Amino acid sequence: MGLMGELWSFMRERKKWWLLPVILVMLVVGTLLVFAQGSALAPFIYTIF
């Protein structure tokens, strides 16, 4: 089933829909940091945090 499937079933069964935006923001920030790590945008991204 995988981690994402288990997380989705947990949110669906226990009505924890407030977790969805938290998880999405964490994924977006994580991918932004991974992709900007080796580019010229890195100094600008790190000043945000």
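Residues numbered from 1 in each chain as written. Predicted model: local features only at pLDDT ≥ 70, side-chain atom pairs only at ≥ 80, totals over all residues. Heavy atoms only, no water.

J.: Describe the overall build of the protein chain, listing the residues and the values that go with them.
T.: The helix and strand inventory of the protein chain stands at three helices and zero strands. Ordering the α and β elements of the protein chain from the N terminus gives α-α-α. When the 49 residues of the protein chain are sorted by exposure, 14% land in the buried category. (Helix = DSSP H or I, 4+ residues; strand = E, 2+ residues; numbered from the N terminus. Buried < 20%, exposed > 50% of the residue type's maximum accessible area, 1.4 Å probe, protein only.)

J.: Explain the packing of helix α1 (residues 2-14) against helix α2 (residues 19-36) to me, using residue names and the numbers behind them.
T.: The interhelical angle for the contact between α1 and α2, taken along N-to-C directions, is 155°, at an axis separation of 11 Å. The orientation of α1 with respect to α2, classified from their angle, is roughly antiparallel. Across the interface between the two elements, Leu-7, Phe-10 and Met-11 from α1 touch Leu-19, Leu-20 and Ile-23 from α2. Taken together, the residues that form the contact of α1 with α2 break down as six nonpolar, no polar and no charged. (Axes fitted to C-alpha atoms, helices over the stretch in contact; angles between N-to-C directions. Parallel < 35°, antiparallel > 145°, perpendicular 65-115°, else oblique. Contact = heavy atoms within 4.5 Å. Nonpolar A, V, L, I, M, F, W, Y, C, P; charged D, E, K, R; others polar.)

J.: Now, about unusual backbone geometry: what can you tell me, with residues and values included?
T.: Even without being glycine, Lys-15 reaches a positive phi, approximately 55°. Relative to the helices and strands, Lys-15 is located in the loop between α1 and α2. Since its relative accessible area comes to 58%, Lys-15 is described here as exposed.

J.: Can you lay out the side chain of Ser-9 for me, pointing to particular residues and giving the numbers?
T.: Relative to the assigned elements, Ser-9 resides in helix α1. A polar atom in the side chain of Ser-9 sits 2.9 Å from the backbone oxygen of Glu-6. (Polar contact = N/O pair within 3.5 Å; in protein donor to acceptor, adjacent residues only side chain to side chain.)

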